[in-house]
Amino acid sequence: MSELIYIGGVSGGIDSQAAARFMLNRYGSARVVLVNSDAGGNEHPLTIEHIDWYSEHVCPIEKVNAKVGDFRTDEWCEKEGLDPDANLTFPELARIKGRFPSRKAQFCTEALKLAPIRRWIEEHYPNGNYARFTGVRRDESPSRSQREWQEWDDYYDCELYNPVFDWTKQMCFDYVKHHGEQINPLYTLGFSRVGCAPCINSGKDDILNWATRFPEMIDKVRAWEQQVRRTFFAPCVPGMEINWIDEVVAWAKTDRGGRQNNLFRILPPPSCESRFGLCE
């Protein structure tokens, strides 16, 4: 039997990069396979550039595009007049579901990340002689708080390892910096989430940062909302059951409670404002 292959997903974020570095240190590039599935056109160009840099200078990354058929059966696609081999974009995913993803219904992760990578793995490693690594950390969310170093992955039907499961985000940055690797430059601009631009789980600070530094990302979301006729963000503006993107941005400029604008929140941001010691 051939040697076990270790497969890791790379999103452009620090957690998956730290996990990839752990894999390379332990097993070497000959037994490590890194895969990236894009977010259906919802990444920032700097994230795409960072993934390309990593693939060229650290370890090659296989790129996979989500397809409609990864998310829906061929029979369903035929009934709806859709091509199962067509690329599945973020707004098309929302149109199919009739809504955008949310924290409580985060179907974007499976449709745009997990399912396409599973298809790719099945095509390239049909013998099943592989294990998976992730950059999942316990302190990311309540749903991940019970994750362990080693688990069984029912979705991929293989062993699963979470090498940074009990690390802090700062530890991930320190680990990657120690090995001399470039870090996604969006982190140096103050963003806490960089996989999507924006993420449906973005907090107030990230939303304001997107609107201030990269307003074209807000323009993109506004166009998607008009196309799908649903809001990108789940209700988050106090006192409003429906909040379109411009209302969310206005709310992001306010203090806690959303009652009045904070001058310091609407001033031009500094050239570097990382909270992880990246501006030294």
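As a starting point, this report considers the structure included with it. Along every chain, residues carry numbers that run from 1 in the direction the sequence is written. Totals for whole chains, interfaces and linings use all residues, but because this is a predicted model, local features are given only for residues with pLDDT of at least 70 and pairs of side-chain atoms are given and counted only at 80 or more. To obtain the side-chain values, all non-hydrogen atoms of the structure were used and water was disregarded.

## Regarding the pattern of salt bridges
- By definition here, a salt bridge exists when the distance from a side-chain nitrogen of Lys or Arg to a carboxyl oxygen of Asp or Glu is within 4 Å. Inspection of the entire model under this criterion finds 13 salt bridges.
- Asp15 is the partner of Arg137 in a salt bridge, and the nearest nitrogen-oxygen pair spans 3.0 Å. Here the residue Arg137 occupies a position in the loop between strand 4 (130–133) and strand 5 (150–153), and Asp15 occupies one in helix 1 (residues 14–27), the gap between them amounting to 122 residues. Assigned by exposure class, Arg137 and Asp15 land together as buried.
- Within the structure, one salt-bridge network assembled from shared partners comprises Asp15, Arg137, Asp139 and Lys169. Helix and strand definitions follow DSSP, with helices as H or I runs of at least four residues and strands as E runs of at least two, each counted in order from the N terminus. The buried label applies to any residue whose accessible area, calculated with a 1.4 Å probe on protein chains only, is under 20% of its type's maximum; exposed applies above 50%, and partly exposed to all values in between.

## Thoughts on the nonpolar core
- We call a set of buried Ala, Val, Leu, Ile, Met, Phe, Trp, Tyr and Cys residues a nonpolar core when their side-chain atoms join them within 4.5 Å. Counting 67 residues, the largest nonpolar core has Leu34, Leu88, Phe90, Leu93, Trp210 and Phe232 as its most contacted members.
- The element best represented in this core is helix 1, accounting for six residues.
- Non-local contacts of Phe90, meaning those with residues more than four positions away in its chain, are made with Ala39, Gly40, Asn42, Phe100, Pro101, Cys108, Leu112, Ile200, Trp224 and Phe232.
- Ile5, Val64, Ile121 and Tyr156 belong to the second-largest nonpolar core, a separate cluster that totals 11 residues. Whether two residues are in contact is decided by their heavy atoms: any pair within 4.5 Å suffices.

## Brief notes about the packing of aromatic side chains
- Here a pair means two rings of Phe, Tyr or Trp (six-membered ring of Trp) with centres within 6.5 Å. Their orientation is stacked below 30 degrees between planes, edge-to-face above 60, and tilted elsewhere. Tallying each qualifying case throughout the model produces 20 aromatic pairs.
- Taking the centre distance of 5.9 Å and the plane angle of 65 degrees together, the rings of Phe22 and Trp149 count as edge-to-face. One end of the pair, Phe22, is in helix 1; the other, Trp149, is in the loop between strand 4 and strand 5, and 127 residues separate them in sequence.
- When the centroid spacing of 5.3 Å and the interplanar angle of 65 degrees are considered together, the rings of Tyr155 and Tyr156 count as edge-to-face.
- Taken together, Tyr6, Phe22, Tyr27, Phe133, Trp149 and Tyr161 form an aromatic cluster joined through their ring pairs.
- Working rule: Lys NZ or Arg CZ, within 6 Å of ring centre, within 35 degrees of ring normal, means a charge sits over the ring. Taking NZ or CZ as reference, Arg72 lies 4.4 Å from the ring centre of Phe71, over its face.
- It is Arg72 that lies over the ring of Trp76; its NZ or CZ is 5.3 Å from the centre.

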